[in-house]
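So you can see what is in the structure, the chains are spelled out below.
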Amino acid sequence: AEARNELAYSYYQANQLEQARSLNDEAMMLAVNDGDPATLAHVSTVQGIIRDALGDTQGEKRSLQAAIEYARAAGAKAEESLYLANVADFYLKNKEYATALRYAQQALPLTRELKNLNGETVALANIGLAQIALSDIESGKRHLRASIDIDERRGSLTGVSDSYAEMGQYLERAGDPRGAIEALHQHRALSDQILRRDQQQAILE
């Protein structure tokens, strides 16, 4: 099941979606027969990713939510926090902001318990974006800045730049043009810095 699931994901990355779906279906059949919740969580996650690529929104939602339940049954907190973030992303993408906020808030304490900085930055950012979309703009900015602070301490310029870009887009839609402009200026400045760094690295190579 795991081997088929990994191969299904490879086909997805190669944009061979029918092969990806077929292999993932085989993986799911094997995983269901075996009954191991950890394997079912992994296979359900890839199933959700493939359903997204195929435009099956409801199938994607069912798969991502199933992955959370299987991870909980397996006692796999690291996977659970990741899958909560996946579901929060799903609901942000589909403009169901209150639901996205609820899942992101469930993910945050898990990431902190596990000392998972990647997960914490994602959870904080998702909380912030959902709050901005729900017109709680100042709380949203605070959570996004907390996410950005972690990336700055880790030296992740790309993460900081991406966060400012998303912040700007959400603030613009929420009716905060001044905040949106400030965020997008930060994004542009960091993008220029990243471009110069990448050019220097290419020359060195």
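Everything here concerns the structure above.
Conventions used here
- Residues numbered from 1 in each chain as written.
- Predicted model: local features only at pLDDT ≥ 70, side-chain atom pairs only at ≥ 80, totals over all residues.
- Heavy atoms only, no water.
- Salt bridge = Lys/Arg side-chain N within 4 Å of Asp/Glu carboxyl O.
- Buried < 20%, exposed > 50% of the residue type's maximum accessible area, 1.4 Å probe, protein only.
- Helix = DSSP H or I, 4+ residues; strand = E, 2+ residues; numbered from the N terminus.
- Core = buried A, V, L, I, M, F, W, Y, C linked by side-chain atoms within 4.5 Å.
- Contact = heavy atoms within 4.5 Å.
- Expected span 1.5 Å × (residues − 1).
- Phe/Tyr/Trp six-rings, centres within 6.5 Å; stacked < 30°, edge-to-face > 60°.

Student: Any chance you could explain the pattern of salt bridges here in plain terms?
Tutor: Pairing between side chains becomes possible if they bear opposite charge and their charged atoms approach one another. Summed over all chains, the structure comprises 13 salt bridges. With a closest N to O distance of 3.7 Å, Arg-51 and Asp-56 form a salt bridge. You can call Arg-51 buried: its relative accessible area is 15%. When its relative accessible area of 30% is taken as the criterion, Asp-56 is described as partly exposed. With a shortest N-O distance of 3.3 Å, Arg-72 and Glu-69 are connected by a salt bridge. Here Arg-72 and its partner Glu-69 are both found in helix α4 (residues 57-74), three residues apart, which amounts to about one turn of the helix. If you follow the salt bridges from partner to partner, you end up with Asp-25, Arg-51 and Asp-56 in one network.

Student: Even after reading the chapter, I still don't get the nonpolar core, so can you show me in this structure?
Tutor: Considering soluble globular proteins, one finds that nonpolar side chains tend to be buried as a cluster. Judged by nonpolar contacts, the single largest core of 39 residues is most densely connected at Leu-92, Tyr-103, Tyr-164 and Met-167. Where this core is concerned, the elements lending two or more residues are α4, α5 (77-93), α6 (97-113), α7 (117-133), α8 (137-153), α9 (157-174) and α10 (177-204). The greatest single-element share of this core, amounting to eight residues, is contributed by α6. Not counting residues up to four positions away in its chain, the partners in contact with Tyr-164 are Ile-148, Ala-183, Leu-184, Gln-186, His-187 and Leu-190.

Student: Would you explain α5 in this entry?
Tutor: Every α-helical turn comprises 3.6 residues, leaving residues that sit three or four positions apart pointing alike. Between its first and last C-alpha atoms α5 spans 24 Å; for 17 residues at 1.5 Å apiece the expected length is 24 Å, and the two agree. For α5, the full list of buried residues reads Glu-80, Ser-81, Tyr-83, Leu-84, Ala-85, Val-87, Ala-88, Phe-90, Tyr-91 and Leu-92. Buried residues belonging to α5 abut α3 (37-53), α4, α6, α7 and α9. Phi for Lys-95, located one or two positions after α5, is positive at around 60°.

Student: Looking at this structure, I do not really get unusual backbone geometry. What am I missing?
Tutor: What is expected of a backbone is that most residues other than glycine have negative phi and most peptide bonds are trans. Phi at Lys-95 takes a positive value of approximately 60°, unusual for a residue other than glycine. Here Lys-95 is to be found in the loop between α5 and α6. A positive phi is found at Ser-135, a non-glycine position, where the angle reads about 75°. Topologically, Ser-135 is positioned in the loop between α7 and α8. With a relative accessible area of 58%, Ser-135 lands in the exposed category.

Student: Mind showing me how you'd approach the packing of aromatic side chains here?
Tutor: By convention here, two paired aromatic rings are described through the distance between centres and the angle between planes. All told, the structure shown has four aromatic pairs when counted by the stated rule. Arranged with centres 5.5 Å apart and planes meeting at 35°, the rings of Tyr-9 and Tyr-12 form a pair that is tilted. Placement of the pair is Tyr-9 and Tyr-12 together in helix α1 (residues 2-13), with a separation of three residues, close to one helical turn. Judged by its relative accessible area of 27%, Tyr-12 is partly exposed. A centroid spacing of 5.7 Å and a plane angle of 5° characterise the contact between Tyr-91 and Tyr-103, whose relative ring orientation is stacked. Highlighted residues: Tyr-91 in helix α5 and Tyr-103 in helix α6, separated in sequence by 12 residues. A relative accessible area of 5% means that Tyr-91 is categorised as buried. We classify Tyr-103 as buried; its relative accessible area is 14%. Aromatic ring contacts, followed pair by pair, group Phe-90, Tyr-91 and Tyr-103 into a single cluster.

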